[in-house]
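Examination of the molecular architecture
Listed below, chain by chain, are the residues.
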Amino acid sequence: MYLPTKAAENFIGPDDVILTVEKYGRGVIHDTYLVKLRGLADSFILQRMNTYVFKQPERIMHNLRVVGEHIRNLEKPAESNAGSRWEMLHIIPTGEQRDYFIDPEGGFWRALSFISGAYPLEEVAGLDNAREIGRALGKFHHLTCNIDPKLLHDTLPGFHNIEFYLKRYDLVLSNYASKEPVNADLYCREFIAGRRQWAPVLENGRKHGKLQMRVIHGDPKINNIMLDEQTGRAVSIIDLDTMKPGLLLYDIGDCLRSCCNVIGEDAENPAGDLFDLERCSSVLSGYMTEARKCLTGRDFALFYDAIRLLPFELGLRFYTDYLEDNIYFKTDYPVQNLNRAVVQFRLVESIEQQEDRIKSLIEKYCLM
Ligand code: GN1
Ligand code: MG
């Protein structure tokens, strides 16, 4: 395998000296290293990208470039808000000003800026965290909302498209004969059957021109939010590999299903109210301070549906993957994806039970 220390040399200037190149973080997709340089030069993140998962990594780099340039052009120092730190991940180019480097063995390497003095949020410790999560997503939407989404590649076709996931589920289920269904199976199948007519609600909104395609993050879950070590405020939203054209409501629903689930994705015996309304309110208040202007009345009309849909979608994806013997989501034990599906469906139930209160909250923010 090509050595990361050699790959790192492609991304430094003529006067830079590399001090160390060390494995970094807990990511399971790419091979990630932190490269430290001597002197005042900034450290940076070096990654050998996983080209099995992302077949066309150059498309991801294109999207990063387009969004990065757009945001750089927005940033006018005089207007920048001192005291509220915000950093967008950006590409560090090679010496030849290319966005990536391909080694002689075909390894695809890229370098990204390193966000220092900050840490990824692992769990929601209080409502301040929830507000910062919302603020980070709002900031991202605010900064990207005027980019023509057609300028971006669709790096993962079908991602967040419920019709695509339902088709896949039907196909997998029709080929599935090996195991005797257990109770949890029957629960999942009934759950899906009872909501599949409603589920294309956002896709229909998009097809009928009610919802506009925008640039989305694609994966705005808790641990993709970075908080400042000193202030606890959100400073960045990372993991931009799923950034692509989509609906803002996908991101909002996904962020809330990650943040407001009080027992986490991997709990084994989900019981009680899983969806926390106070967290939801805090996420939305943070989000709206940054991105209220990106939303239209039509988004608000489908807002509750998005909150209900995204956990349904993820449950459907987990359950389908369980039926397919766990080829997509990594597992530690055989029925983990079945358990994960049940957690998401219980979360949907909790949302449905609190429908009126969630809708009142949405109304409040709609009038802001
Ligand atoms: C996957 O790979 P990771 O952990 O960043 C998935 C998300 C799910 C999430 C659930 C590209 O994210 O859509 O919400 O798992 N990402 C992709 O844990 O499928
Ligand atoms: Mg991700």
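Residues numbered from 1 in each chain as written. Chains lettered and ligands numbered in written order. Predicted model: local features only at pLDDT ≥ 70, side-chain atom pairs only at ≥ 80, totals over all residues. Heavy atoms only, no water.

1. Quick notes on the coordination of the magnesium ion (ligand 2)
Put simply, the test is: Donor selection uses N, O and S atoms within 2.8 Å of the metal (3.2 Å for Na, K and Ca). Since no water is included, sites may look incomplete. Helix numbering and strand numbering both begin at the N terminus, where a helix is a DSSP run of H or I of at least 4 residues and a strand a DSSP run of E of at least 2. Only protein chains enter the calculation, and the probe is 1.4 Å; a residue is then buried if its accessible area is under 20% of its type maximum, exposed if over 50%, and partly exposed in between.
For the magnesium ion (ligand 2), the protein coordination sphere consists of Asp219 (OD) and Asp239 (OD), at 2.1 to 2.2 Å. On the criterion of sequence distance, the pair formed by Asp219 in the loop between strand 7 (214-216) and strand 8 (225-228) and Asp239 in the loop between strand 9 (234-237) and strand 10 (244-246) is long-range, its members being 20 residues apart. Residue Asp219 is classed as buried on the basis of its relative accessible area of 16%.

2. Topic: the pairing of strand 2 (residues 31-37)
This is how it is decided: Strand pairing requires that DSSP identify at least two bridges connecting the strands.
Counting buried residues along strand 2, five of its seven residues qualify, which places the element largely inside the surrounding structure. Of the strand pairs in this sheet, strand 1 (residues 18-23) and strand 2 are connected by five bridges, and their pairing is antiparallel. Paired with Thr20 across the strands is Lys36, a residue of strand 2. Taken together, the five bridges between strand 2 and strand 3 (residues 44-48) define a ladder with antiparallel strand orientation. Bridging from a neighbouring strand, Val35 pairs with Phe44 of strand 3.

3. Re the sheet that holds strand 8
Test applied: Every angle, taken between N-to-C directions, lies between 0 and 180 degrees, and every axis is a line fitted to C-alpha atoms, over only the stretch in contact when it is a helix. In this analysis, two residues are considered to be in contact whenever any of their non-hydrogen atoms come within 4.5 Å of each other.
Read from one edge of the open sheet, three strands run 6-8-9, paired in antiparallel fashion. The sheet is open, and its two edges are formed by strand 6 (118-120) and strand 9, each paired on a single side. Within this sheet the neighbouring strands show an average axis-to-axis angle of 30°, counted without direction. Note: strand 6 against strand 8, three bridges, orientation antiparallel. Looking at strand 8, one finds that Pro120 is bridged to Met226. The sheet contacts of helix 3 (residues 127-144) involve strand 8 and strand 9, and relative to strand 9 the element is tilted by about 50°.

4. Points about the nonpolar core
Here is the rule we go by: In this text, buried Ala, Val, Leu, Ile, Met, Phe, Trp, Tyr and Cys residues form a nonpolar core when linked through side-chain atoms within 4.5 Å. These domain limits were set by an automatic method or by a database of domain assignments.
Within the largest apolar cluster, 106 residues are counted, with the highest numbers of intra-cluster contacts made by Leu202, Phe275, Phe303, Leu309, Phe312 and Tyr319. With 13 residues, the single largest contributor to this core is helix 10 (residues 303-323). Counting residues domain by domain, this core receives three or more from each of domain 1 (4-116) and domain 2 (127-366). The contact partners of Phe275, leaving out residues within four places of it in the chain, are Leu256, Cys260, Cys280, Ile307, Leu347, Ser350, Ile351, Gln354 and Ile358. Counting 14 residues, the second largest nonpolar core, distinct from the first, contains Ala7, Phe11, Phe44 and Phe101.

5. Thoughts on the domain arrangement of the protein chain
Which entries qualify depends on this criterion: The term buried area denotes the loss of accessible surface (1.4 Å probe radius) that occurs when two parts are joined, taken as the sum for both partners.
When cut into domains, the protein chain gives domain 1 (4-116) and domain 2 (127-366). Using only C-alpha atoms to locate each centre, domain 1 and domain 2 end up separated by 28 Å. Taken together, the contact pairs 21 residues of domain 1 with 27 residues of domain 2. Roughly 2,300 Å² of surface becomes buried between domain 1 and domain 2 when both sides are summed, with 68% attributable to carbon and sulfur atoms.

6. Side note on the site of ligand 1
Short version of the rule: By convention in this text, a residue qualifies as near a molecule or strand provided that one of its non-hydrogen atoms is within 4 Å of it. We define a polar contact as two N or O atoms separated by no more than 3.5 Å, with the added condition that, inside protein, one atom must be a possible hydrogen donor and the other a possible acceptor, whereas residues neighbouring each other in sequence contribute only through side-chain atom pairs. Only the protein chains shown count as cover for residues, and all accessible areas are computed by the Shrake-Rupley method using a 1.4 Å probe. Under this grouping Gly is polar, as are all residues other than the nonpolar Ala, Val, Leu, Ile, Met, Phe, Trp, Tyr, Cys and Pro and the charged Asp, Glu, Lys and Arg.
The immediate surroundings of ligand 1 are formed by Leu156, Phe159, Asp219, Lys221, Asp239, Thr242, Arg257, Glu265, Leu314, Arg317, Tyr328 and Phe329. Separating an oxygen atom of ligand 1 from a side-chain N or O atom of Arg257 is a distance of 3.0 Å. Between ligand 1 and the protein, one listed contact pairs an oxygen atom with a side-chain N or O atom of Glu265 at 2.7 Å. Expressed as a share of its isolated accessible area of 440 Å², the protein-covered part of ligand 1 is 79%. For the shell around ligand 1, the class distribution of residues is five nonpolar, one polar and six charged.

7. Observations regarding the pattern of salt bridges
Selection criterion: Criterion for a salt bridge: a side-chain nitrogen of Lys or Arg within 4 Å of a carboxyl oxygen of Asp or Glu.
By the definition in use, this model includes 25 salt bridges. Here Asp128 ties to Arg131 by a salt bridge, and the two come within 3.6 Å at their closest N and O atoms. One end of the pair is Asp128 and the other is Arg131, both in helix 3 and three residues apart, which spans about a single turn. On the accessibility criterion, Arg131 (30% relative accessible area) is partly exposed. We note a salt bridge from Asp266 to Arg340, for which the minimum N-O separation is 2.8 Å. Remark: Arg340 occurs in helix 11 (residues 336-353) and Asp266 occurs in the loop between helix 7 (248-259) and helix 8 (277-291); sequence separation between them is 74 residues. We classify Asp266 as partly exposed; its relative accessible area is 40%. Judged by its relative accessible area of 10%, Arg340 is buried.

8. Considering the side chain of Asn63
As for its placement among the helices and strands, Asn63 is situated in helix 2 (residues 57-74). Asn63 gets classed as buried once you look at its relative accessible area, which sits at 1%. A distance of 3.1 Å separates a polar side-chain atom of Asn63 from the backbone oxygen of Met243. Those residues within four positions of Asn63 in sequence are excluded, and the remaining contacts are Leu152, His153, Thr155, Met243 and Lys244.

9. What to know about the packing of aromatic side chains
Put simply, the rule reads: Only Phe, Tyr and Trp rings take part, Trp by its six-membered ring, and two of them pair if their centres are within 6.5 Å. Stacked means planes under 30 degrees apart, edge-to-face means over 60, and tilted covers everything else.
Inspection of every chain in the model, using the stated rule, returns 15 aromatic pairs. When the ring of Tyr33 is compared with that of Trp109, the centres are 6.4 Å apart and the planes differ by 35°; the resulting orientation is tilted. Placement of the pair is Tyr33 in strand 2 and Trp109 in strand 5 (residues 108-113), with a sequence separation of 76 residues. Residues Tyr33 and Trp109 agree in their burial class; the two are buried. Ring centres of Tyr100 and Phe108 lie 4.5 Å apart, and the angle between their planes is 25°; on these two criteria the pair is classed as stacked. Residue classification places Phe108 among the buried residues on the basis of a relative accessible area of 4%.

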